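Read off the chains here:
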Amino acid sequence: MARYTGPVCKLCRAVGMKLYLKGIRCSSPKCAIERRNFRPGVHGQARQKLSEYAIRLKEKQKARWSYGVLEKQFRRTFSDASRATGNTGAKFLELLERRLDNVVYRLGFATSRAQARQWVNHGHFAVNGRRVSIPSYRVRPGDAITVMPNSAAFVKEALEAASLPQAPKWLEANRETLAATVKALPEREDIDTPVQELLIVEFYSR
C-alpha cells in the first residue's frame, strides 16, 4: 500500500491551516499550527508572493493531503470526474468522499483518515456483509457498512477517545451497534473539506 510516511504536521504548516491529519492531536495545544503557524524550512517566516500556478498547486496539494491520496491515484480520480456529467469539481469531491477510508472517518469510527485507511487495509470493515480491504473502494447508496466482530473493541476505543462530530446527512450511523448505511451520494454542501475545487480543475486543465 503506497502512502506518505513523512512528517504530516509539516503538511499543515505548508498550507497554513489544520488538515486534521493526526486525529486528536490536531485539537490539542500540541498541534503544529498552534505552536508554529508558518511554513516549514529556514525561510518559512519570510513573506511569500505566490504565482497563479503556485496558488492552484497549493489548493491541489491541500485536497490531496487531506484525503491521504498519492498523486497518481488523485489524478486518476480527477480523470473519472472529468468524464462524468455535471460539474467536474463537485463530482471530483464526491468521488473522494465516497472512498471507504473517508466514509469510515466521516462515520466517526476512526479519529483520522490515516487511521481509517490502515483499519480498512487490515480488513476490519465489511460492506454489505463482505470484508473489504481496499481503502479506495467507492461506496454507493444503499451500502451497509459494519465493523467486523473481532474489531469492535478498538473501534469503540476510538469513539471514546475523541468527541467526533455527527456523521454527515448522506450517511446514517449507529455508533452503538457500529453499523452504518449510505443514504445518498454526497452533495457539495455536505462536504466540509476546506478546498476550492475550481482551482484544482484549473490546475489539471492548464
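Keep in mind the model is a prediction, meaning the values are calculated, not measured.

### A short note on the overall build of the protein
A tally of regular secondary structure across the protein gives 9 helices and 5 strands. Secondary structure elements in the protein, listed N-terminal to C-terminal, are α-α-α-α-α-α-α-β-β-β-α-β-β-α. Across the 206 residues in the protein, those meeting the buried criterion constitute 43%. Of the roughly 11500 Å² that the protein leaves accessible, carbon and sulfur atoms contribute 49%.

### Quick look at the sheet that holds strand β4 (residues 171–174)
What the 5 strands build is an open sheet, ordered β2-β1-β3-β5-β4; its pairing is antiparallel. Each of the sheet's edge strands pairs with one partner strand only, and the pair in question is β2 (130–131) and β4. As judged from the 4 bridges shared by β4 and strand β5 (residues 179–182), these two strands associate in the antiparallel manner. By the bridge assignment, Leu171 is partnered in β5 with Val182.

### Here's the deal with the nonpolar core
Counting residues in each nonpolar core, the largest one holds 24 residues, and the members touching the most others are Leu100, Val104, Phe109, Phe125 and Ile145. Looking at this core, the elements with two or more residues in it are α6 (100–106), α7 (113–121), β1 (125–127), β3 (144–147), α8 (152–161) and β5. Ranked by residues supplied to this core, first place goes to α6 with 4 residues. Once residues within four sequence positions are removed from consideration, Leu100 is found in contact with Val120, Val127, Val132, Ile134, Pro135, Tyr137, Val139 and Ile145.

### Examining the side chain of Asp143
Tracing the backbone through its elements, the reader meets Asp143 in the loop between β2 and β3. It turns out Asp143 is buried and unbridged, and the closest side chain with the opposite charge, Arg140, is 4.6 Å from it. Among the polar contacts made by the side chain of Asp143, one reaches the main-chain amide nitrogen of Arg140 at a distance of 2.8 Å. Beyond its immediate sequence surroundings of up to four residues, Asp143 is in contact with Val127, Asn128, Tyr137, Ala180, Thr181 and Val182.

### Here we look at the packing of aromatic side chains
Taken as a whole, this structure holds 8 aromatic pairs when the rule is applied. Considering the side-chain rings of Phe78 and Phe92, the 5.5 Å spacing of their centres and the 80° angle between planes classify their relative orientation as edge-to-face. One end of the pair, Phe78, is in helix α4 (residues 71–83); the other, Phe92, is in helix α5 (residues 88–97), with 14 residues separating them in the sequence. A relative accessible area of 0% places Phe92 in the buried class. Both rings, one in Phe203 and one in Tyr204, keep their centres 5.3 Å apart while their planes meet at 80°; by these two values the pair is edge-to-face. The exposure class assigned to Phe203 is buried, which follows from its relative accessible area of 6%. Following the ring pairs from residue to residue traces out a cluster consisting of Tyr53, Phe74, Phe78, Phe92, Phe203 and Tyr204. The positively charged end of Arg206 is found above the aromatic ring belonging to Phe203, 4.3 Å away from the centroid.

### With respect to the packing of α5 against helix α9 (residues 197–204)
Each packed pair of helices is defined by two parameters, the angle between the axes and the distance between the axes. Close contact between α5 and α9 brings their axes to 8 Å; oriented N to C, the two are set at 105°. Of the possible angle classes, the one that applies to α5 and α9 is roughly perpendicular. Here α5 contributes Thr88, Gly89, Ala90, Phe92 and Leu93 to the contact with α9, which in turn contributes Glu197, Ile200 and Val201. Looking at the contact of α5 with α9, its residues break down into 5 nonpolar, 2 polar and 1 charged.

### Observations regarding the side chain of Glu59
Mapped onto the elements, Glu59 comes out in helix α3 (residues 52–67). For Glu59, the contacting residues outside a window of four places in its chain are Pro194, Val195, Gln196, Leu199 and Ile200.

Conventions used here
Residues numbered from 1 in each chain as written. Predicted model: local features only at pLDDT ≥ 70, side-chain atom pairs only at ≥ 80, totals over all residues. Heavy atoms only, no water. Helix = DSSP H or I, 4+ residues; strand = E, 2+ residues; numbered from the N terminus. Buried < 20%, exposed > 50% of the residue type's maximum accessible area, 1.4 Å probe, protein only. Areas by Shrake-Rupley, 256 points an atom, 1.4 Å probe, with all protein chains shown as cover. Pairing = 2+ DSSP bridges. Core = buried A, V, L, I, M, F, W, Y, C linked by side-chain atoms within 4.5 Å. Contact = heavy atoms within 4.5 Å. Lys, Arg positive; Asp, Glu negative; His and termini not counted. Salt bridge = Lys/Arg side-chain N within 4 Å of Asp/Glu carboxyl O. Polar contact = N/O pair within 3.5 Å; in protein donor to acceptor, adjacent residues only side chain to side chain. Phe/Tyr/Trp six-rings, centres within 6.5 Å; stacked < 30°, edge-to-face > 60°. Lys NZ or Arg CZ within 6 Å of the ring centre and 35° of its normal. Axes fitted to C-alpha atoms, helices over the stretch in contact; angles between N-to-C directions. Parallel < 35°, antiparallel > 145°, perpendicular 65-115°, else oblique. Nonpolar A, V, L, I, M, F, W, Y, C, P; charged D, E, K, R; others polar.

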